[in-house]
Structure formats: structure tokens, C-alpha cells
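Structural description and commentary
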Amino acid sequence: MFRSMLVRSASPVKQGLLRRGFASESVPDRKVVILGAAGGIGQPLSLLMKLNPLVSSLSLYDIANTPGVAADVGHINTRSQVSGYMGDDNLGKALEGADLVIIPAGVPRKPGMTRDDLFNINAGIVKNLSIAIAKYCPQALVNMISNPVNSTVPIAAEIFKKAGTYDEKKLFGVTTLDVVRAKTFYAGKSNLNVAEVNVPVVGGHAGITILPLFSQASPQANLSDDLIKALTKRTQDGGTEVVEAKAGKGSATLSMAYAGALFADACLKGLNGVPDVVECSFVQSTITELPFFASKVRLGKNGVEEVLDLGPLSDFEKEGLEALKAELKSSIEKGIKFANQ
Ligand SMILES: NC(=O)C1=CN([C@@H]2O[C@H](COP(=O)(O)OP(=O)(O)OC[C@H]3O[C@@H](n4cnc5c(N)ncnc54)[C@H](O)[C@@H]3O)[C@@H](O)[C@H]2O)C=CC1
Ligand SMILES: O=C([O-])CC(=O)C(=O)O
């Protein structure tokens, strides 16, 4: 009752916050930085983060075209102040004071390419951006979107270690798009309301390293083994499906911006002390023998609060888990080696 009176008398932004469980005086200031903000993902992600009432300062950085994106997004009448930064000389200013840095900087795939084919260009971009993060905002959470995520996350970890700033609780590979796809495809075959469907996705973010756990989907839809296999394959190939449909004009941007915004929102809620925020993410992990692994993660005031274990797997998922380990291990090692060259 008190809350609903507060909601009615507050400004639209505050109303949103109050509905989400925040008393108006307790909403902290949060600076979010997007590196690669003028790109295919960066632009819609900038829009979605501008709509997020948990953000007080939105810093948009790219090597080109950021002033236009910042001016455009900055006219939207929501809480955050927007600033745009372009070029290396301004990277430090863009990052200073960040609570959360989201990285969709780098080249996307064209048909016929694997995510690993992006390594040669994107590894260097992520390395340089990570050096700057270590220097200007070592306390920030980092959400890595740039592919190949299975290698770019280990690259960032190694760069942070070299700088003496590594905190494994603060580095995340964004695998939320895999979860978004698994939910959509599962609901589509099960006649369930997609908004109520949950499906954990574990492993990594490339081909067979993406392992949706449909046996743990909720609600359970009792699909045939053949259908579960087909849904698993479609989730694993979801990125390629979009790359082929875009026919040379890039990869997933809109669904990725949505997924990136969801994951960033979860990180901000965790930082703000909202309890029981659990999302799948590719993080430093001991739940398998691999040093990085995507699984459910409880988010809190310091980033990762707990890496949850895999839970019971079906025989099909157990096979998938064993099958993905060699590729994921080699992608992780490739990233570590690159960062230490
Ligand atoms: N993790 C995931 O689930 C997904 C990851 N991706 C990956 O996200 C990345 C970006 O994809 P798109 O936005 O479609 O590409 P894009 O080419 O449209 O945009 C990339 C942006 O990064 C900028 N950029 C390049 N070097 C930079 C640097 N050193 N600092 C800051 N910005 C820099 C470019 O100027 C460009 O604006 C790709 O690597 C893609 O594979 C894409 C979809 C899903
Ligand atoms: O497939 C790609 O290259 C982009 C990506 O990671 C995805 O859409 O999952």
C-alpha cells in the first residue's frame, strides 16, 4: 500500500524503480560504459541501456561515429546522462568511474566463418580495451560480448592478471543470447507461454560448446528425445542461422542487444544488492576441469557471488558435456597464450 502510493506520486523513472522493488532514496548512481557503442549491437544496446532506470551515467565509446549515437540516444527523456567518446585518446575518460563495462567491439562473422575465425582481429581489440579497463576502472564488472567469447574472456583475465587487477568475480562472458534462443525455441515447440519458460545453457559460446539443458527447463514440456536433439542443435547453430539469413551483412545484433541488456540489468541488480539474481554466464569456474565455463551464476554486490553446479543432466546432456570439453579447452588456451605473447 505504501509502495503503491509512492509509485503513484513519483516521476515516471522513479515509478519504474519503485515497481522493481527500490525505495526512491536507495537507488545508487551507476555508470555503464559500452565499448563499440556505434556498431550493430552497440547502437540498440545503447538505446536499451538508456531505457534502464538503474543507469545514472551512460558512456558510449567507439573508434568512429560515437558523437551521432550519443547525441541521438541522449535526447531520450530517461534518467541517465549520456556522453559519447571517440578514439583512443578519449578511452580513459569514457571508462573512468565505471561500475559496468559492456564490450561489443570487434568484427562480426560472415557466412562460412566460425567465431574462431574472428580471433585474429578481435583478440587484439579485446586486449587493448582490457589494458585500458585495468588502468582506468579496475573495479568495474566487465560483460564480454566480442567473439570468440570462449577466447576473449580468458584474454581479458590474463591482461587483468598482468596488471594486478584481476578479480574473477567481475569478469563475465555474455551467453544470455543462447539462453534467450533456447527459451524461444523450446516454448515454440511446447505450446508454453515463452515469458514463463526458463532453460539454463552451460559450457561456452560456439557450436557444440553451447549446451542447453532442456532436462532442467521449466515448466517441463515432455518433448521427445528427437525433438530435444533438434532443439539443442538449433540453439547451438542459432548464431549461424542469423549470419546466413543476413547473408554477409553481419550477425545477430538486435537479439544480442536485448540479451546484453538483460544480462547488464542482472549485473546492476546484483551490484545494488537485489537478492537471488541468477543468470547463466561464462566465468572462471571450478565446476568442471575447465578454468572457464558457463553455468548458472548468482550475482551480488561484488559480481559473482556463487557459481552454481550443473545439477542433474540427462544422458544426452552428459554426452554433450564430454563432447564440448576438448574444443572449449583449446579455445581457452588459445586466448591465454595470445595474451601472454
Ligand atoms: N556473445 C554473443 O552472444 C554475440 C557476440 N557477437 C559479437 O559481437 C561483436 C560485435 O558485433 P557487431 O556489433 O555486429 O559488429 P559491428 O561491426 O557492427 O560493430 C562493431 C563495432 O566495434 C567498433 N570497434 C572496432 N574496434 C574497436 C575498438 N578498438 N574500440 C572500440 N570499438 C571498436 C567498430 O567501430 C564498430 O562500431 C562481434 O565480435 C560479434 O561476433 C555478436 C552477436 C552475439
Ligand atoms: O554467431 C555469431 O557470430 C554471433 C554470435 O555469437 C551469436 O549470434 O550467437
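1. A word on the site of ligand 2
- Arg109, Arg115, Asn147, Leu177, Arg181, His205, Gly239, Ser251 and Ala252 make up every residue found near ligand 2.
- Within the side chain of Arg115, a nitrogen or oxygen atom sits 2.8 Å from an oxygen atom of ligand 2.
- Relative to its free-state accessible area of 260 Å², ligand 2 is covered by the protein chains to the extent of 95%.
- Broken down by class, the residue content of the shell around ligand 2 amounts to two nonpolar, four polar and three charged.

2. Considerations on the confidence of the model for the protein
- Of the residues in the protein, 93% have a pLDDT of 70 or more, and the chain-wide mean is 94.
- Long-range and interchain partners of residues 1-11, a stretch whose pLDDT sits below 50, account for eleven contacts in this model, where long-range means more than four residues apart.

3. Details of the pairing of strand 5 (residues 141-144)
- Of the two faces of strand 5, the one carrying Leu141 and Asn143 and the one carrying Val142 and Met144 are both buried.
- Inspection of the sheet shows strand 4 (residues 100-103) paired to strand 5 by four bridges, in the parallel sense. If you follow Ile103 over to strand 5, its bridge partner there is Met144.
- With helix 6 (residues 119-136) bridging strand 4 and its parallel neighbour strand 5, the resulting β-α-β unit is right-handed.
- Here three bridges tie strand 5 to strand 6 (residues 171-173), and the two strands are oriented parallel to one another. By the bridge assignment for strand 6, Asn143 is matched with Phe172.

4. Some points on the side chain of Asp178
- Mapped onto the secondary structure, Asp178 falls in helix 8 (residues 176-190).
- No salt bridge is formed by the buried Asp178; its nearest oppositely charged neighbour, Arg181, is found at 4.1 Å.
- Side-chain polar atoms of Asp178 contact the side chain of His205, separated by 2.7 Å.

5. Thoughts on the site of ligand 1
- Close contacts around ligand 1 come from 28 residues, with Gly40, Ile41, Asp62, Val107 and Asn147 the closest.
- The contact in question runs from an oxygen atom of ligand 1 to an N or O atom on the backbone of Gly39, over 3.2 Å.
- Asn122 is positioned with one of its side-chain polar atoms (N or O) 3.1 Å from an oxygen atom of ligand 1.
- In isolation ligand 1 has 870 Å² of accessible area, and contact with the protein removes 85% of it.
- For ligand 1, the cavity whose grid points lie within 2 Å of the majority of its atoms is the largest pocket.
- Among the secondary structure elements, those contributing two or more residues to the shell around ligand 1 are strand 2 (57-62) and helix 6.

6. What about helix 7 (residues 149-163)?
- With 15 residues, helix 7 extends 21 Å between its outermost C-alpha atoms, agreeing within 8% with the 21 Å of an ideal straight helix rising 1.5 Å per residue.
- Within helix 7, the full set of buried residues consists of Val149, Asn150, Ser151, Thr152, Val153, Pro154, Ile155, Ala156, Ala157, Glu158, Ile159 and Phe160.
- Elements that come into contact with the buried residues of helix 7 comprise helix 6, strand 5, strand 6, strand 9 (277-284), strand 10 (292-300) and helix 12 (315-339).
- Looking one or two places after helix 7, you find Gly164, whose phi comes out positive at around 75°.

7. Re the layout of surface pockets
- Of the pockets and cavities examined, the largest pocket occupies roughly 900 Å³.
- Pro104, Ala105, Gly106, Val107 and Ser146 are the residues nearest the centre of the largest pocket, which is lined by 43 residues in total.
- Mapped by element, the contributors of at least two residues to the lining of the largest pocket are strand 2, helix 5 (91-95), helix 6, helix 8 and helix 10 (238-246).
- Counting residues per element, the lining of the largest pocket draws most heavily on helix 6, which supplies six residues.
- Residues of the lining of the largest pocket, tallied by class, amount to 22 nonpolar, 14 polar and seven charged.
- Contributions of two or more residues to the lining of the second largest pocket are made by helix 8 and strand 9.
- The greatest single-element share of the lining of the second largest pocket, amounting to four residues, is contributed by helix 8.
- Its residues assigned to classes, the lining of the second largest pocket shows eight nonpolar, four polar and three charged.

8. Details of the side chain of Ser285
- Note on placement: Ser285 falls in the loop between strand 9 and strand 10.
- Reaching out from Ser285, the side chain makes a polar contact with the backbone nitrogen of Ile287 at a distance of 3.2 Å.
- Among all residues touching Ser285, those that are not within four sequence positions of it are Leu290, Pro291, Phe292, Phe293 and Val307.

9. What about the pattern of salt bridges?
- Applying the stated criterion to the full structure yields 13 salt bridges.
- Here Lys269 and Asp265 are joined by a salt bridge, their closest N and O atoms 2.8 Å apart. With Lys269 and Asp265 both in helix 11 (residues 254-271), this residue pair falls four residues apart, about one helical turn.
- According to the relative accessible area criterion, Lys269 is partly exposed, its value standing at 22%.
- Across the pair Glu306 and Arg298 runs a salt bridge, and its minimum N-O distance is 3.2 Å.
- For Glu306, a relative accessible area of 36% corresponds to the partly exposed category.
- Each of Asp276, Arg298 and Glu306 takes part in one network of salt bridges that share partners.

Conventions and cut-offs
- Sequence order sets the numbering: in each chain, residues are counted from 1 along the sequence as written.
- Labels are handed out in written order, letters beginning with A for the chains and numbers beginning with 1 for the ligands.
- Reporting in this predicted model follows two pLDDT cut-offs: at least 70 for local features of residues, and 80 or more for side-chain atom pairs to be given and counted; totals over whole chains, interfaces and linings ignore these cut-offs and use all residues.
- Note that the side-chain values use all heavy atoms of the structure and ignore hydrogens as well as water.
- For each residue, the test is whether any non-hydrogen atom lies within 4 Å of the molecule or strand; if one does, the residue is near.
- Pairing of N or O atoms within 3.5 Å defines a polar contact, subject to two protein rules: one partner must be a possible hydrogen donor and the other a possible acceptor, and residues neighboring in sequence count only if both atoms are side-chain atoms.
- Each accessible area value is a Shrake-Rupley result obtained with a 1.4 Å probe; residue values ignore everything except the protein chains displayed when judging cover.
- Only Asp, Glu, Lys and Arg are considered charged, only Ala, Val, Leu, Ile, Met, Phe, Trp, Tyr, Cys and Pro nonpolar, and every remaining residue, Gly among them, polar.
- The pLDDT value expresses, per residue, how confident the predictor is, ranging between 0 and 100.
- Note on contacts: a residue pair qualifies if any of its non-hydrogen atoms lie within 4.5 Å across the two residues.
- Relative accessibility under 20% of the residue-type maximum defines a buried residue, over 50% an exposed one, and the middle range a partly exposed one, all with a 1.4 Å probe and only protein chains included.
- Each helix is a run of DSSP H or I of at least 4 residues and each strand a run of E of at least 2, with the numbering of both proceeding from the N terminus.
- Here, any two strands with at least 2 DSSP bridges between them count as paired.
- With the strands pointing away from the viewer, any crossover whose connection runs clockwise from the first strand over the helix to the second is right-handed.
- Positive residues here are Lys and Arg, negative ones are Asp and Glu, while His and the chain termini are left out of the count.
- Salt bridge, as used here: a side-chain nitrogen of Lys or Arg that lies within 4 Å of a carboxyl oxygen of Asp or Glu.
- Cavities and pockets were defined on a 1 Å grid built over protein atoms only: a cavity is a set of grid points that admits a 1.4 Å probe from which the probe cannot escape, a pocket is an open set flanked by protein on both sides within 12 Å along at least five of seven lines, and lining residues are those with an atom within 4 Å of any such point.
- Cavities and pockets are treated as containing a molecule whenever more than half of the molecule's atoms lie within 2 Å of their grid points.
- What a helix is expected to span follows from its residue count: subtract one and scale by 1.5 Å.
- Grid points are joined across faces, edges and corners, and a volume is the space filled by probe spheres set on the points.

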